[in-house]
Each structure stands twice: as structure tokens, then as C-alpha cells.
Amino acid sequence: MEAVIILVFALGYLAITLEHSIKIDKLIPALVMMAICWALIALGLETFPQWFDSGKHALLEDFGGFGHEEKMHLMEETLLHHLGKTAEILVFLLGAMTIVEIIDYFDGFATIKGFIKTKKKTKILWIFSVLAFILSAIIDNLTATIVLISILQKIVKDRDIRIWYAGLIIIAANAGGAWSPIGDVTTTMLWIGNKVSTGHLIGYLFLPSLLCMVVPSLIASFLPVFKGNLDIVEESEKTKSRFSGTMLYLGLGAIIFVPIFKVITHLPPYVGMMLSLGVVATFAEIYSSSKFALSSPDREESDAHAHHSPVHTALSKIETPSILFFLGILMAVAALESLGILFGFADSLRETMPQLGTELHEGGVSDLVVLLLGVGSAVIDNVPLVAASLGMFSEPMDHELWHFIAYSAGTGGSMLIIGSAAGVVAMGMEKIDFFWYLRKISWLALAGFLVGAVAFMFTRTLF
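Under the annotation held in an unreviewed UniProt entry, the protein chain carries the name Sodium:proton antiporter NhaD and is attributed to Hyunsoonleella aquatilis. We quote the UniProt Sequence similarities (unreviewed entry) comment for the protein chain here in full: "Belongs to the NhaD Na(+)/H(+) (TC 2.A.62) antiporter family." Of the comments in the UniProt record for the protein chain, the one headed Subcellular location (unreviewed entry) reads "Membrane".

Structure representation (C-alpha cells):
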């Protein structure tokens with residue numbers, strides 16, 4: 001039965017990676033895979049020789065001697081445990097996405113567009129790279145990419161040039177997301193799972209992530225496509241909400257407050273995110289009751305704005321498919337963890353992989369394994385890879401292994417356009433060809449990834 005469950009997982013995984021080829025949204029195979037895996041566990045519970053206790057991070061002794069009722073009760077408890085841990089991540093993401101959509105409701109991101117005054121291509125490249133690096137650390141790399149490419153489309157009219165900028169935005173956004181506990185789904189998973197703390201994550205990864213952004217942008221500055229000036233078409237200034245700047249800073253400040261709230265109260269991060277959402281939503285409701293002009297009086301959403309509150313409008317626009325995808329993939333990985341499959345795989349990795357480079361701990365996982373995880377995150381989604389690592393390794397909180405995994409999984413996805421959420425959304429917004437990205441951008445991402453990895457091997461010696 002274990003072999004069948006692994007086969008189902010592998011087929012589901014394949015369907016996720018081939019999303020654009022088979023024209024089926026990746027959330028569908030993720031949900032189906034999760035449901036079938038747990039159904040097979042329930043049906044074949046008597047046949048499994050072992051069971052993994054996630055709380056103690058060890059295999060249960062004498063699982064085969066348990067009675068059927070005891071096994072069923074254990075399975076239900078395990079399922080509830082994993083659902084609770086997954087729900088913490090999903091509720092957190094829902095709160096963050098809603099705050100970002102409320103900011104957008106008030107045209108808050110138009111304030112960022114006002115900062116860009118130059119026509120020089122290299123300066124615009126660095127502005128967008130730095131903005132992507134900073135914004136992704138605050139509002140997550142996926143949302144930062146959407147915001148910045150939307151602004152880019154208003155500034156750079158030539159698509160052939162714009163997709164180059166989009167490629168560098170993907171690299172910078174993924175680099176920025178890696179050093180922040182709220183910057184990427186994978187770092188959020190490690191943070192909520194008590195594998196990394198905010199202070200150590202920033203200390204370990206800020207410099208490597210910065211270099212991962214700077215090196216590709218620096219190399220790109222010397223490429224012919226970024227020479228000279230842009231032909232910027234001046235647009236007539238549109239009327240925007242007078243609260244746009246206020247809501248931008250309030251929303252970003254509320255999201256930044258979440259790690260502070262966790263440190264003070266020691267409560268799970270989603271509690272702080274709900275508090276931040278409540279505060280932002282309160283101001284949004286107050287401001288929306290005043291009469292204010294939107295960015296365009298004839299925009300399609302005008303009716304929605306007239307009849308619905310900012311919070312309702314924001315909730316209707318958040319990425320629900322992404323939330324369901326994370327639910328499916330995390331619970332499917334939990335199924336493999338519960339059967340002890342990931343635990344066994346981790347042991348085999350320790351035994352078979354050469355201990356190259358500086359070892360993360362005596363008899364532990366080599367740097368090569370974690371670097372390969374980064375390369376793997378470019379080919380397949382980094383969320384299941386990190387979810388698997390949570391079940392495979394038992395190192396304590398803030399061990400350098402977790403920080404290296406956060407860096408590798410977060411930035412390694414930049415090497416292919418399908419390797420990260422930021423890349424996938426940019427691919428959709430700009431219709432970027434997979435092989436164009438592979439030829440033009442992947443080598444830049446690889447250079448940044450490797451330089452950052454070397455820098456991490458230095459920064460981890462400081463803690």
C-alpha cells in the first residue's frame with residue numbers, strides 16, 4: 001500500500017509540474033492527491049508496519065501491535081494535528097493577502113509609481129530590483145511581483161524590454177522573500193513551524209539574499225538591452241484616493257508588526273495577522289465612508305466600490321486557488337510523513353550522500369543536499385520540498401540547516417520561470433516563454449544563487 005501512495009503522490013506531483021502543458025490548474029491535482037493519499041491510509045491502516053509521531057518527531061514503538069480502533073483514533077488525531085498546522089499557514093496568508101488587496105483598493109501602490117522619475121534603463125533596473133527586494137520581504141514575493149509588474153507595464157511600453165525587467169524582478173523578489181519570515185510561503189512555513197526565528201533568519205540570510213539580488217542586477221546592467229534611455233510615454237495624471245499613501249503605510253506597517261507581536265506574546269503568527277487585518281480593515285471602512293475619487297471614474301470596479309465595503313472587495317480578489325493548492329500539497333506531504341516515509345528518506349540521505357563542504361552538523365546533512373534542494377525547487381514547487389524537509393529533519397530551532405533550506409528553497413526557484421510563485425505569475429502577466437527565460441535569465445539567477453550560498457557559508461559562522 002505504501003508503494004501505491006508514493007505512486008499517487010508522484011503522479012500528482014508530475015501533474016503539478018506540467019500544469020501549463022496539460023492545461024489543468026495545479027490546485028486540482030494537489031487536492032485530489034491529498035484526498036486519495038489519506039483515503040488509502042485509512043483503507044490500508046492495518047497493513048502499515050510503522051507510524052510517525054510528528055509531536056515527538058520519532059517513529060512509534062510497536063505500532064503493529066495496536067488494535068484497529070486504536071490505530072483509527074491515532075490516524076484521526078494525526079490528521080487533525082496536520083490540518084491545524086496547515087490552517088495556521090493558510091489563515092496567515094489569507095490575512096496578508098487581504099491587507100494587500102485593501103491597500104490596492106485605495107490605489108496605495110500608485111504612491112510607489114510616483115517615486116520613479118528617471119528614464120535611464122540601468123537606473124530603472126536598480127529601482128525595480130531594490131523595490132522588489134524590499135517589498136517582497138514585507139508583502140511576500142508573489143504580491144510584490146504582481147504590484148511591480150503592474151507598475152512596470154505603465155512605465156515600459158516595449159514588451160521585449162519589459163520582459164527583461166520582469167525576469168530581474170522575479171530574481172529580486174525571491175531573494176527578498178528568503179530573509180523575511182513573511183516574505184515567502186516557505187520561510188513562513190519554517191517560521192510558523194518554530195524552525196527559525198525572525199532575528200536569526202535576518203542575521204543568517206540578509207547578506208546572502210542581498211548578494212543573490214545584487215549580483216544578477218549588476219551583471220544585467222552591462223547587457224546591451226539595459227543601455228540607453230527608455231521612451232516613456234507621459235500619461236495624464238489620474239485622480240486617486242486621497243487616502244492612498246495613508247493606507248499604503250498603514251498596511252505595510254501592520255504586516256511588519258506581526259513578527260513583533262509574535263515575539264512579545266509568543267502566540268502563533270496568524271493571531272497577530274488577524275489583529276493587523278482588523279486594524280487595517282477598521283481604517284478602510286472609516287475612509288471608504290467618506291467620498292473620495294478613485295483612480296478612474298469609469299473603471300470596471302466602480303459599481304463594486306459603490307455597493308461593497310473595502311474588506312468585501314478585497315476578500316473577493318484574493319488568490320483563493322493558491323490557498324487551496326497549499327492546503328492540498330501540505331496535507332499530501334503530511335500523509336507521507338505520517339507513514340514514516342520522509343523520515344526513512346532522510347536517514348537514507350544521511351547515509352548515501354557524500355559529506356561535501358562544511359557539514360551542517362556532525363553526521364548530518366551536507367551542504368550539497370541543501371543546494372540540490374534549491375535546484376529541485378526550480379524544477380518543482382518549493383512548498384512541498386520544504387514541507388518534506390520539515391518531516392525529514394529534526395534539528396532544533398535556529399539550527400543553520402533550517403536557514404540554509406530557507407535560502408535554497410526561496411531563491412533556487414528563480415532558476416526556472418516555473419520554479420516559484422513569483423515566476424509563474426510573471427509568466428502569466430507578461431506571457432514570458434519558458435525557453436526564453438531559460439536562455440536569458442536562468443544563468444543570472446544561478447550566479448546570484450551560488451554567490452549567496454557561498455555568503456551563507458560565511459554568515460553561519462557568525463552565530
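Trainee: Explanation requested: the overall build of the protein chain in the structure shown.
Mentor: Counting secondary structure elements, the protein chain contains 22 helices and 2 strands. For the protein chain, the proportion of its 463 residues judged to be buried stands at 56%. In the protein chain, 78% of the contacts between residues at least 6 apart in sequence involve partners at least 24 apart. Summed over its atoms, the accessible surface of the protein chain is roughly 19,500 Å², and 66% of this surface lies on carbon and sulfur atoms.

Trainee: Hey, could you run me through unusual backbone geometry in this one?
Mentor: With glycine set apart, most residues show a phi of negative sign, and most peptide bonds adopt trans. Within the chain, Asp107 stands out as a residue other than glycine whose phi angle is a positive 55°. Relative to the helices and strands, Asp107 is located in the loop between helix 4 (68-105) and helix 5 (110-113). With phi around 65°, His266 is a residue other than glycine that occupies positive phi space. With respect to the secondary-structure elements, His266 resides in the loop between helix 11 (244-265) and helix 12 (269-288). On the basis of relative accessibility, which here comes to 68%, the residue His266 falls in the exposed class.

Trainee: Help me out: how do you make sense of the packing of aromatic side chains in this one?
Mentor: Note on aromatic pairs: each is described by the distance of the centres and the angle between the planes. This structure, assessed with the given rule, holds 15 aromatic pairs. For the ring pair Trp164 and Phe226, a centre distance of 6.2 Å and an interplane angle of 85° mean the geometry is edge-to-face. A residue pair is termed long-range when its members are at least 10 positions apart, and Trp164 in helix 8 (residues 159-178) and Phe226 in the loop between helix 10 (198-221) and helix 11 qualify at 62 residues. With a centroid separation of 4.6 Å and 15° between ring planes, the pair formed by Phe404 and Phe456 is classed as stacked.

Trainee: What am I meant to see in the packing of helix 1 (residues 2-17) against helix 3 (residues 27-43) here?
Mentor: For any two helices packed against each other, the geometry comes down to the angle between their axes and how far apart the axes lie. Interaxial distance between helix 1 and helix 3 falls to 9 Å at its minimum, and their mutual angle equals 175°. For the element pair helix 1 / helix 3, the angle class is roughly antiparallel. Touching Val4, Ile5, Val8, Phe9, Gly12, Tyr13, Ala15 and Ile16 of helix 1 are Pro29, Ala30, Met33, Ile36, Cys37, Leu40 and Ile41, all from helix 3.

Trainee: Would you take a moment to explain a nonpolar patch on the surface for this structure?
Mentor: On the surface, a nonpolar cluster with roughly 750 Å² of combined accessible area is contributed by Leu7, Leu11, Leu14, Leu18, Ile22, Ile24, Ile28, Val32 and Ile36. Elements that contribute at least two residues to the nonpolar patch include exactly helix 1 and helix 3. Mapped onto the secondary structure, Leu11 falls in helix 1.

Trainee: Got a minute to help me understand the pattern of salt bridges in this structure?
Mentor: Working definition: two side chains of opposite charge can pair if their charged atoms are close together. Applying the stated criterion across every chain, the model contains 3 salt bridges. A salt bridge links Lys71 to Glu46; the shortest N-O distance between them is 3.7 Å. Placement of Lys71 in helix 4 and of Glu46 in the loop between helix 3 and strand 1 (52-53) is noted, with a sequence separation of 25 residues between them. The class for Glu46 is partly exposed, based on a relative accessible area of 44%.

Trainee: For this particular structure, what's the right way to read the nonpolar core?
Mentor: Soluble, globular proteins show a tendency: their nonpolar side chains are buried together. Residues Ile41, Ile102, Phe128, Ile139, Tyr165, Phe226 and Ile405 are the most contacted members of the largest nonpolar core, which totals 143 residues. Of the residues forming this core, the biggest block, 13 residues, is contributed by helix 4.

Trainee: Where do I start with helix 22 (residues 442-459) in this structure?
Mentor: Given 3.6 residues per turn, any residue in an α-helix points the same way as the ones three and four places further on. Taking 1.5 Å per residue, 18 residues should reach 26 Å; helix 22 reaches 25 Å between its end C-alpha atoms and fits that length. Taken together, the buried positions of helix 22 are Ser442, Leu444, Ala445, Gly448, Phe449, Gly452, Ala453, Ala455, Phe456 and Thr459. Projected down its long axis, helix 22 carries its buried residues within an arc of 165°, all on one side. Its buried side turned inward, helix 22 meets helix 8, helix 10, helix 17 (367-379), helix 19 (400-412) and helix 21 (434-440).

Trainee: Would you mind going over the packing of helix 10 against helix 19 with me for this structure?
Mentor: It is the contact of helix 10 with helix 19, at a shortest axis distance of 10 Å, that shows an interaxial angle of 35°. The chirality of how helix 10 crosses helix 19 is right-handed. Residue-level inspection shows His200, Leu201, Tyr204, Leu205, Pro208, Ser209 and Cys212 of helix 10 in contact with helix 19, the latter providing Glu400, His403, Ala406, Tyr407 and Thr411.

Trainee: Any chance you could explain the environment of Ile318 here in plain terms?
Mentor: Its location among the elements puts Ile318 in the loop between helix 14 (310-317) and helix 15 (320-338). We classify Ile318 as buried; its relative accessible area is 10%. Along the backbone, Ile318 and Gly95 are 223 residues apart, and their C-alpha atoms lie at a distance of 9.7 Å. Residues within four places of Ile318 in sequence aside, it is in contact with Leu94, Met97, Thr98 and Glu101.

Trainee: Quick question: what am I supposed to make of helix 14 here?
Mentor: Listed as buried for helix 14 are Pro310, Val311, Thr313 and Ala314. Buried residues along helix 14 cover an arc of 160° about the axis, so they all sit on one side. Residues of helix 14 that are exposed and angled more than 90 degrees away from the buried face: His312 and Ser316.

Cut-off values and rules
Residues numbered from 1 in each chain as written. Predicted model: local features only at pLDDT ≥ 70, side-chain atom pairs only at ≥ 80, totals over all residues. Heavy atoms only, no water. UniProt positions renumbered as here; feature names shortened; annotations may be inferred. Helix = DSSP H or I, 4+ residues; strand = E, 2+ residues; numbered from the N terminus. Buried < 20%, exposed > 50% of the residue type's maximum accessible area, 1.4 Å probe, protein only. Contact = heavy atoms within 4.5 Å. Areas by Shrake-Rupley, 256 points an atom, 1.4 Å probe, with all protein chains shown as cover. Phe/Tyr/Trp six-rings, centres within 6.5 Å; stacked < 30°, edge-to-face > 60°. Axes fitted to C-alpha atoms, helices over the stretch in contact; angles between N-to-C directions. Parallel < 35°, antiparallel > 145°, perpendicular 65-115°, else oblique. Patch = residues over 30% accessible without salt bridge, like charges linked within 9 Å, V, L, I, M, F, W, Y side chains within 5 Å. Salt bridge = Lys/Arg side-chain N within 4 Å of Asp/Glu carboxyl O. Core = buried A, V, L, I, M, F, W, Y, C linked by side-chain atoms within 4.5 Å. Expected span 1.5 Å × (residues − 1). Arc of directions from axis to C-beta. Left-handed = near helix turned anticlockwise from the far one by under 90°.

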